[in-house]
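Each chain is listed here by its residues.
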Amino acid sequence: MPNTERIEPCLIVIFGASGDLTKRKLIPALFDLYRGKHLSPNFAVLGISRTEWSDDAFREHLKPWALKNREPDVAGEWDAFARQVYYHAADSTQSHAYPELTARIAALARKHNAGQSVLFYLSMAPQLYESTIEQIGAAHMVMEGKAWCSINRDKMPWQRIIVEKPFGHDPQSANQLNRVLGRVFEEENIYRIDHYLGKETVQNLLVFRFANTIFEPIWNRNYVDHVQVTAMETVGVEGRGGYYDSPSGGAMRDMIQSHLMQVMALVAMEPPVSMRADDIRNEKVKVFQAVRKPSVDHIAAYAIRGQYGRGSMEGQAVPAYREEQGVSPSSQTDTYAAIQLYVDTWRWGGVPFYLRSGKRMAKKMTEIVITFRPTPHCLFRETAAKLKPNQIIINVQPDEGIRLRFEGKVPGTRMDIRDVVMSFDYVSQFKGQPQEAYARMLLDAMRGDQTLFKHRDEVESSWNIVQPVLDAWADQPHDDLPNYAAGTWGPSASDVMMARDNRHWHNP
Ligand code: BG6
């Protein structure tokens, strides 16, 4: 990421600092920003959680993660960065923790000349979000009112909050969390994170669609047969069985309601009037509002759930989901989910969008596939049956890139036709791996750019779309789970769903 601007001095306060996300993603991302000189020299990071650690113990806990997969000579830079990283043991849901906590924040801000701007990051168990937000408000750590009354708002320090997913587990809980947030923070200071929006390839969707002339005219029901959005993972629940098997877990909630619907919205939205955050987010909200609510019949035929049983991954035997730690032996949780949705607009009338996501799949792969309709008339009668539809395949990860598949003549004396591929590959074109999503998202939150974060209406409307499915599944236990072996492409019911529509999943 080129350093075009440095952000203002600020303090970054991470709640839930002893958790996985802090060591795996947040601190390495902040370290990257520091190394790239994106952070102001006047910054400090304060981690908060209940574990009794000293500053040094916290730094030692983070160090191996920050240095992982990096050149050996970054250790010196880490030491300098780590001197601005601190830890405070406290229960952030309790009011009695706040006098000391606010004093610590003020002392660090003075020590590092970091001013009064604070970026809060909620990275703790979601059931602790609401009481923590309430306590932040009660401790007067947010100066909203003063900002609105000031003559020049831009000169006022800011307090922003990043909220990790899961953002609620149904429409009611998402709405409740939004209300609690809204009592303490203005919407313009609330950053609901969806790390898929931080992925280069997902952001490139906007450029692909709106910075080129040739794709947009065919990006509609007249030319597109259907759209697939797939996110497959080879990993299982990675020690998070307790969360995944809770009312917040399952592939429909964990992946489809959040990441995949965001990707779908970027594929389906109308061109925004500008690249401003509000204009883009308004267009995404319109997509969610236009998605047809799945009826009972539709759910029975077009919402597929699966759960992995024992199987083998790269030659190694792996346990069934129900054998994972923290998972009930009779769990009904979906580790695979697929759904067909319709976006009822003039652009997309009648075009199905198929979304699917699964754990313990044969391959890690996130992609968007736009399949086009056949030509109106086929001149190549002998080979007509073999003609494949044109496709645009956007590899979100890994092997980031875009491929355009079309038919070509096989050299020779006969008119043989075969599909060929034109491809754009990120690594070879731009010389380097796409940047980690969290660095970009943290930087955007510090500079006040909400484009890659979700508005409250997006979150609530995407929950409204999946809730009928979740209700139907809760009412009717699936007798046949587990229904796919680890290391495969998911339950056969999902292929049957596609075959019924004379289509098939795009599997490599
Ligand atoms: C998270 C989910 O939001 O995304 C995880 O909670 C999932 O279950 C992860 O593994 C996938 O992210 P990525 O970036 O690896 O596709």
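Heads up: these notes are all about the structure in this document. These figures come from a predicted structure and were not determined experimentally.

Turning our eyes to something else, we now look at the environment of Tyr244. You can see Tyr244 is positioned in helix 9 (residues 241-244). In this structure Tyr244 comes out as buried when scored by relative accessible area, which is 1%.

This part is about the packing of aromatic side chains. For the structure shown, the criterion picks out 23 aromatic pairs. On the numbers, 5.4 Å between centres and 65° between planes, the contact of Trp53 with Tyr87 is edge-to-face. Taken together, the residues Trp53 in the loop between strand 2 (43-49) and helix 2 (55-67) and Tyr87 in strand 3 (residues 85-89) connect sequence positions 34 residues apart. Using a relative accessible area of 24% as the deciding quantity, one classes Trp53 as partly exposed. Counting every residue linked through ring pairs, the aromatic cluster contains Phe31, Tyr34, Phe43, Trp78 and Phe81. One Lys or Arg, Arg59, reaches over the ring of Tyr86 and ends 5.3 Å from the middle of that ring. If you follow Arg160 out to its NZ or CZ, it ends over the ring of Trp158, 3.9 Å from the centre.

The subject of this paragraph is the sheet that holds strand 15 (residues 391-397). Taken in spatial order, the eight strands make up an open sheet running 8-12-13-7-14-15-16-17, and their pairing is mixed. Each having just a single partner strand, strand 8 (303-306) and strand 17 (417-425) make up the two edges of the open sheet. Averaged over all adjacent pairs, the angle separating strand axes in this sheet is 15°, with direction ignored. Bridge count between strand 12 (residues 336-342) and strand 13 (residues 352-358): seven bridges; the pairing is antiparallel.

Before going further, it helps to examine the side chain of His455. With respect to the element layout, His455 can be found in the loop between helix 14 (437-447) and helix 15 (456-475). A polar side-chain atom of His455 sits 3.0 Å from the main-chain amide nitrogen of Asp457.

In the vicinity of the ligand, the contacting residues are Lys165, His195, Tyr196, Lys199, Glu233, Arg240, Asp254, Met255, His259, Lys359, Lys364 and Gln397. His195 is positioned with one of its side-chain polar atoms (N or O) 2.8 Å from an oxygen atom of the ligand. The dominant element in the shell around the ligand, judged by the number of residues it contributes, is helix 10 (residues 251-268), at three residues.

Our focus in this paragraph is helix 5 (residues 129-138). Among all positions in helix 5, only Tyr129, Thr132, Ile133, Gln135 and Ile136 are buried. On an axial view of helix 5, the arc spanned by its buried residues comes to 160°, and they lie on one face. For helix 5, the elements touching its buried residues are strand 1 (10-15), helix 4 (98-111), strand 4 (118-122), strand 5 (159-163) and helix 7 (171-184). At the C-terminal side of helix 5, His140 shows a positive phi close to 55°.

Cut-off values and rules
Residues numbered from 1 in each chain as written. Predicted model: local features only at pLDDT ≥ 70, side-chain atom pairs only at ≥ 80, totals over all residues. Heavy atoms only, no water. Helix = DSSP H or I, 4+ residues; strand = E, 2+ residues; numbered from the N terminus. Buried < 20%, exposed > 50% of the residue type's maximum accessible area, 1.4 Å probe, protein only. Phe/Tyr/Trp six-rings, centres within 6.5 Å; stacked < 30°, edge-to-face > 60°. Lys NZ or Arg CZ within 6 Å of the ring centre and 35° of its normal. Pairing = 2+ DSSP bridges. Axes fitted to C-alpha atoms, helices over the stretch in contact; angles between N-to-C directions. Polar contact = N/O pair within 3.5 Å; in protein donor to acceptor, adjacent residues only side chain to side chain. Near = heavy atom within 4 Å. Arc of directions from axis to C-beta. Contact = heavy atoms within 4.5 Å.

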